[in-house]
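Spelled out from the first residue to the last, the chains are:
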Amino acid sequence: MFFSLLTAYSFADTPFNMVAFGDFGETEQEFQIRVRDSIQELGLKEPLWRGFFLGDNFYPNGVTSVDDPQFTDKIVEVYQDLKLPFFAALGNHDHLGDVKPQIKFSNYFKNPYVRDADKLWQMYGSIYSYRWDHPDLEIFVLDTEMADPMSPGSLRHQHKIRNSTLEDRAKIPTKTWEEQIAWLENRLKNSRSRWKFVIGHHPIVSDVKRSSNEFNHIRNSNYQKLKNLLVKYAHLYLSGHDHSLQIHEIELEQGACGPLQIISGAGGAVDLRTKFHSNKALYKADPGSYGYMHIRLSDQAIEIIPMIVHPNYSEQRMSVMRKFDDFSLGRVVQKENEPTDYSWFPDV
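Residues numbered from 1 in each chain as written. Predicted model: local features only at pLDDT ≥ 70, side-chain atom pairs only at ≥ 80, totals over all residues. Heavy atoms only, no water.

Engineer: So, the overall build of the protein chain: which residues are in play, and what are the values?
Structural biologist: Scanning the protein chain for helices and strands turns up 8 helices and 15 strands. Burial statistics for the protein chain: of 348 residues in total, 58% are counted as buried. In the protein chain, the share of contacts with a sequence separation of at least 24, taken over all contacts with a separation of at least 6, comes to 76%. Summed over its atoms, the accessible surface of the protein chain is roughly 15400 Å², and 50% of this surface lies on carbon and sulfur atoms. (Helix = DSSP H or I, 4+ residues; strand = E, 2+ residues; numbered from the N terminus. Buried < 20%, exposed > 50% of the residue type's maximum accessible area, 1.4 Å probe, protein only. Contact = heavy atoms within 4.5 Å. Areas by Shrake-Rupley, 256 points an atom, 1.4 Å probe, with all protein chains shown as cover.)

Here is the structure:
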């Protein structure tokens, strides 16, 4: 295992610094603000490049429109002073409201002094990809609520489909899991980027009891399809949902280094009932911890550093580091009959 306890790590070239967290849009914002303040402090030491919102952006029931005051109260007023663009994914609580306003919010508040690429909130669809040349990175964002056809968000989507005309159906931003997997395979397979990150709200593996209990047969089968694509093409899977901080390696055969997975679901909402039922994680914070993940990326390596802001904040750095050449990509866990009719889903 490539687990290390570090007080310092020297990259051969200057790393790009990113932060990632989900499960944060609470009405009670004490710990959300603590996380924000820690990110601001981090940015004074190591300039931050991008951030990622990993879903459940608005508790308890998502938003209703682009005029919903939660956009101002829970996003703009909290994070705008970071001057950091955040790329956002949808979570299960977001699906309890209307997801379309979250997609449209990027273009709602126009600021002539801010480039589109530097806007605080970036969400280009319920699924989307975004590529940079420097660093040589592409992200692929999924809507993992659709992996379980019996989840509240998935049932709402099915209801919309049944009660819409063909013309209106094309305007519904949510895509089925089969459509998402077909899209993701096509995009990953044709990506020219050196580093590939996949982002989804729900984790594939977790030491938290809740997620294991949620994995019914259909969801397990659907996540297996995602897992197969990750081990074949991706380096990192970023998730939240479990209100905890964990780092996992997605398992391959012994001796092979699969992609890493982070669970960073402690950005403001923590379930004090969280219980760990297994011990597979490379790292996990104590239950009840608030914090986020700091990701350092260079051309040759990636380092993931858990940043705990409560209750036991420490300057000591515990991190997981992996060199680019150590990843064993291209290995399929289990063959699946995937659709071959690929299509790109435009912005909504």
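Engineer: Account for the confidence of the model for the protein chain, naming residues and giving values.
Structural biologist: The predicted structure's coordinates, where accompanied by low pLDDT, should not be read in detail. When pLDDT is averaged across the protein chain, the result is 81; 74% of the residues are at 70 or more. Per-residue pLDDT stays below 50 along residues 1-10; that stretch engages in 29 contacts with residues further than four places along the chain or on separate chains. In the model, residues 332-348 has pLDDT below 50 throughout and makes 39 contacts with residues more than four positions away in sequence or in other chains. (pLDDT = per-residue confidence, 0-100.)

Engineer: Can you lay out the packing of aromatic side chains for me, pointing to particular residues and giving the numbers?
Structural biologist: Applying the stated criterion across every chain yields a total of 27 aromatic pairs. With centroids separated by 5.4 Å and ring planes inclined at 55 degrees, the aromatic side chains of Phe53 and Tyr79 adopt a geometry described as tilted. Residue Phe53 is located in strand β3 (residues 48-53), and its partner Tyr79 is located in helix α2 (residues 70-79); the two are separated by 26 residues in the primary sequence. Residue Phe53 shares its accessibility class with Tyr79, and that shared class is buried. Judged by centre distance (6.1 Å) and plane angle (55 degrees), the rings of Trp177 and Tyr223 are tilted. Placement of Trp177 in helix α6 (residues 177-190) and of Tyr223 in helix α8 (residues 217-233) is noted, with a sequence separation of 46 residues between them. Residue Trp177 is classed as buried on the basis of its relative accessible area of 2%. Put simply, the rings of Phe21, Phe24, Phe53, Phe58, Phe71, Tyr79, Phe86, Phe105 and Trp121 touch in pairs and so form one group of aromatic residues. (Phe/Tyr/Trp six-rings, centres within 6.5 Å; stacked < 30°, edge-to-face > 60°.)

Engineer: Can you tell me about the side chain of Gln29, naming the residues and giving the values?
Structural biologist: Among the secondary structure elements, Gln29 is positioned in the loop between β2 (16-21) and α1 (30-45). A polar contact is formed between the side chain of Gln29 and the backbone oxygen of Asp73, at a distance of 3.0 Å. The residues contacting Gln29, other than those within four sequence positions of it, are Asp73, Lys74 and Val78. (Polar contact = N/O pair within 3.5 Å; in protein donor to acceptor, adjacent residues only side chain to side chain.)

Engineer: I'd like a description of the pattern of salt bridges, backed by residues and values.
Structural biologist: Inspection of every chain in the model, using the stated rule, returns 10 salt bridges. Salt-bridge contacts for Arg131 lead to Asp136; the nearest nitrogen and oxygen are separated by 3.9 Å. Exposure remark for Asp136: the relative accessible area of 25% places this residue in the partly exposed category. Taken together, the shared-partner salt bridges connect Glu46, Arg296 and Glu303 into one network. (Salt bridge = Lys/Arg side-chain N within 4 Å of Asp/Glu carboxyl O.)

Engineer: An account of the nonpolar core is requested, with residue identities and associated values reported.
Structural biologist: The biggest cluster of nonpolar side chains holds 65 residues, and the ones touching the most others in it are Phe197 and Leu238. Residues within four places of Leu238 in sequence aside, it is in contact with Ala20, Phe52, Leu54, Phe197, Val198, Ile199, Gly200, Ile262 and Ile295. Grouped together as the second largest cluster of nonpolar side chains are 20 residues, Trp183, Leu188, Leu229 and Ala234 included. (Core = buried A, V, L, I, M, F, W, Y, C linked by side-chain atoms within 4.5 Å.)

Engineer: Requested: an account of the pairing of strand β6 (residues 128-132), with residues and values cited.
Structural biologist: Here 5 bridges tie β6 to strand β7 (residues 137-141), and the two strands are oriented antiparallel to one another. Across the sheet, residue Trp132 finds its bridge partner in β7, namely Leu137. If you look at the hairpin formed by β6 and β7, you'll find 4 residues sitting between the two strands. (Pairing = 2+ DSSP bridges.)

Engineer: Before we move on, could you go through unusual backbone geometry and cite the residues and values that matter?
Structural biologist: Residue Pro60 is bonded to the preceding Tyr59 through a cis peptide linkage, with omega at -5 degrees. By secondary structure assignment, the location of Pro60 is in the loop between β3 and α2. Going from His134 to Pro135, the amide bond is cis rather than trans, its omega being 5 degrees. Its place among the elements puts Pro135 in the loop between β6 and β7. Not every positive phi belongs to a glycine, and Asp56 is a case in point at roughly 55 degrees. Turning to its location among the elements, Asp56 is positioned in the loop between β3 and α2. Of the residues examined, Asp56 reaches a relative accessible area of 1% and is grouped as buried.

Engineer: So what about the environment of Ile139? Which residues, and what values?
Structural biologist: With respect to the helices and strands, Ile139 occurs in strand β7. A residue is classified by how much of its surface remains accessible, and Ile139, at 0% relative accessible area, is buried. Here the alpha-carbon distance between Ile139 and Leu188, two residues 49 residues apart in the chain, equals 9.5 Å. Leaving out residues up to four positions away in the same chain, Ile139 has contacts with Phe52, Phe87, Tyr128, Ser129, Tyr130, Trp132, Phe197 and Ile199.

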